[in-house]
Amino acid sequence: MTSPDQTLLDSATAARLFKALGDPIRVELVGLVRRTEGQEACFCDLADQFDMPQSSLSHHLKILVKAGVLSRERRGTWSWYRIDNAAIDALAAVLAPGGPLRDTSACCD
């Protein structure tokens with residue numbers, strides 16, 4: 001069983017991650033990066049997939065990086081984004097049976 005402090009930490013982590021993934025564009029970005037070889041993608045390749053200004057796409061990527069869902073590495077002119085599997089694992093743990101979102105079945109009649 002997790003301690004209240006650990007549950008609070010997991011809940012706070014989950015809230016941060018869910019907030020970052022609360023936009024369909026950001027969910028699609030994570031999916032695109034995850035499906036690439038090595039789970040990393042260049043901004044130039046991601047930009048080709050979206051009909052939006054590069055500044056808007058950069059904003060979405062910045063939110064994902066700040067939340068820890070993606071990491072960013074600058075290589076020459078371009079930024080490369082990689083999945084942070086620890087963030088994905090944290091979401092899985094929060095949603096798993098026994099996690100903070102578990103069904104406690106505490107119902108009042």
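Residues numbered from 1 in each chain as written. Predicted model: local features only at pLDDT ≥ 70, side-chain atom pairs only at ≥ 80, totals over all residues. Heavy atoms only, no water.

Examining the pattern of salt bridges
A full pass over the atoms with the stated rule returns three salt bridges. Where Glu40 meets Arg82, a salt bridge forms, and the shortest distance between an N and an O atom there is 3.0 Å. A residue pair is termed long-range when its members are at least 10 positions apart, and Glu40 in strand 1 (residues 40-42) and Arg82 in strand 3 (residues 78-83) qualify at 42 residues. By relative accessible area, which is 18% here, Glu40 ends up buried. Two residues, Arg75 and Glu73, come together in a salt bridge whose shortest N-O distance is 3.3 Å. Assessed through its relative accessible area of 30%, Arg75 is described here as partly exposed. On the basis of relative accessible area, Glu73 is assigned to the partly exposed category, the value being 44%. (Salt bridge = Lys/Arg side-chain N within 4 Å of Asp/Glu carboxyl O. Helix = DSSP H or I, 4+ residues; strand = E, 2+ residues; numbered from the N terminus. Buried < 20%, exposed > 50% of the residue type's maximum accessible area, 1.4 Å probe, protein only.)

Digging into the sheet that holds strand 2 (residues 70-75)
Sheet strands associate in pairs through backbone hydrogen bonding, adopting either a parallel or an antiparallel arrangement. Pairing is antiparallel across the open sheet formed by three strands, whose spatial order is 1-3-2. The outermost strands of the open sheet, each flanked by one partner alone, are strand 1 and strand 2. Put simply, the sheet's adjacent strands are angled 25° from each other on average, direction ignored. Direction of pairing for strand 2 relative to strand 3: antiparallel, over a ladder of six bridges. Its bridge partner being in strand 3, Glu73 is matched across the sheet by Trp80. Helix-sheet contacts for helix 4 (residues 54-67) involve strand 2 and strand 3, and the interaxial angle to strand 2 is about 115°. (Pairing = 2+ DSSP bridges. Axes fitted to C-alpha atoms, helices over the stretch in contact; angles between N-to-C directions. Contact = heavy atoms within 4.5 Å.)

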